[in-house]
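Secondary and tertiary structure notes
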Amino acid sequence: MSHIDCAVRGCNYNIFNKPRGVTFHPCPIRSDMRNKWLQILKTKCTVLDWNRSRICSKHFETKCFNIKGKLKDDAVPTLFSSAAHKHPVKQTQETSTSSRTTVDRVLNKLTQAELMSDIKNTLSKMKEPSNLETYMNDDYRCKPDTPTEAQLWILIKKQDHLNTRLMELVVQNKKHVELLQKNLEEARSSKKETEQSIETYKYIVKCLQEKLATLEEQIEILTTVESRKKKRLY
Ligand SMILES: [Zn+2]
């Protein structure tokens, strides 16, 4: 038989230390009752394994049990006097849980950059193994039989190297973008110049067309005059 203890946070009853009369109850199978239990227990248990977790009878009102002491089908746990029977072991677990949520909270607040500098800061305080290079190939690969600690340090080194490379690429990319922008501006100004010269050419064409018209008129007059002269000659 596996070790049975109460899943409620702060309650430390198990089959070995429970007072007489305290019983352990599995989570209900009926889905409507499951939902009711879940709503209550999600804030009361650190871990709740639906198939294995047990809730001790201390969390149920007396009316939840029938005469034979069996838990009724519609019973839900409602009693959670946290100070009632605390145990130092569980307190440690609670502390680790709350510190874990603190870490989560802090992590959510930090930006990527802050996180990286924080990690670097922490790393600088840790002592790097002196013989790290002996375990490492040129491309930051671990040689066989590298101790775990050295493997982790090599991973950190690789990450750092990749970060540096990434930053270099970002800077390069930025330069490219700047160059492209400059080219674009130049293209724009040359386009403007072209537009201006097109206007000038249009004007010149217009002038030439006018001149051509005048010339055509003159040719017509001259042709008329010529033909009259010819008529007169005959
Ligand atoms: Zn309990």
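Coordinates for the structure precede this section.
Residues numbered from 1 in each chain as written. Predicted model: local features only at pLDDT ≥ 70, side-chain atom pairs only at ≥ 80, totals over all residues. Heavy atoms only, no water.

This paragraph deals with unusual backbone geometry. Of note, tyrosine 140 is a non-glycine position whose phi angle comes to about 60°, a positive value. Take tyrosine 140: it is sitting in the loop between helix H3 (112-125) and helix H4 (148-233). Judged by its relative accessible area of 23%, tyrosine 140 falls in the partly exposed class. (Helix = DSSP H or I, 4+ residues; strand = E, 2+ residues; numbered from the N terminus. Buried < 20%, exposed > 50% of the residue type's maximum accessible area, 1.4 Å probe, protein only.)

Here we take up the coordination of the zinc ion. Taken together, the protein ligands of the zinc ion are Cys6 (SG), Cys11 (SG), Cys56 (SG) and His59 (NE2), with distances of 2.0 to 2.3 Å. Here the zinc ion is ringed by four donor atoms whose angles at the metal span 99 to 115°, and the overall shape comes out tetrahedral. Motif for the zinc ion, donor spacing along one chain: C-x4-C-x44-C-x2-H. Of the two residues examined, cysteine 56 and histidine 59, each falls in the buried class. (Donors = N, O, S within 2.8 Å, 3.2 Å for Na, K, Ca; no water. Tetrahedral: all angles 85-135°; square planar, octahedral: opposite > 155°, others 65-115°.)

A separate point is a positive patch on the surface. Together, Arg228, Lys229, Lys231 and Arg232 give the surface a local cluster of positive charge. Here lysine 231 lies in helix H4. In this structure lysine 231 comes out as exposed when scored by relative accessible area, which is 66%. (Patch = residues over 30% accessible without salt bridge, like charges linked within 9 Å, V, L, I, M, F, W, Y side chains within 5 Å. Areas by Shrake-Rupley, 256 points an atom, 1.4 Å probe, with all protein chains shown as cover. Salt bridge = Lys/Arg side-chain N within 4 Å of Asp/Glu carboxyl O. Lys, Arg positive; Asp, Glu negative; His and termini not counted. Charge placed at Lys NZ, Arg CZ, Asp CG, Glu CD.)

Moving on, we come to the state of the cysteines. The full count for this structure, using the stated rule, is zero disulfides. Lacking any disulfide linkage, cysteine 45 is separated from the closest cysteine sulfur, that of cysteine 6, by 7.0 Å. The exposure class of cysteine 45 is buried, given its relative accessible area of 7%. (Disulfide = S-S within 2.5 Å.)

Counting 23 residues, the largest nonpolar core has Val8, Trp37, Leu41, Ile55, Cys56, Phe60 and Leu71 as its most contacted members. Of all the elements in the fold, those that place two or more residues in this core are helix H1 (31-41) and strand E2 (54-56). Top element by residues in this core is H1. It accounts for three residues. In this structure valine 8 touches Leu41, Lys44, Cys45, Ile55, His59 and Phe80, once residues within four positions along its chain are discounted. Residues Met136, Ala150, Trp153 and Ile154 belong to the second largest nonpolar core, which totals six residues. (Core = buried A, V, L, I, M, F, W, Y, C linked by side-chain atoms within 4.5 Å. Contact = heavy atoms within 4.5 Å.)

One turn of an α-helix holds 3.6 residues; hence residues three or four places apart share an orientation. Of the residues making up H1, those classed as buried are Met33, Trp37 and Leu41. All buried residues of H1 lie within an arc of 60° about the axis, which places them on one face of the element. In H1, the exposed positions that point more than 90 degrees away from the buried face belong to Ser31 and Gln39. On its buried face, H1 sits against strand E1 (24-26) and E2. (Arc of directions from axis to C-beta.)

Distances and angles like these do not, on their own, reveal function.
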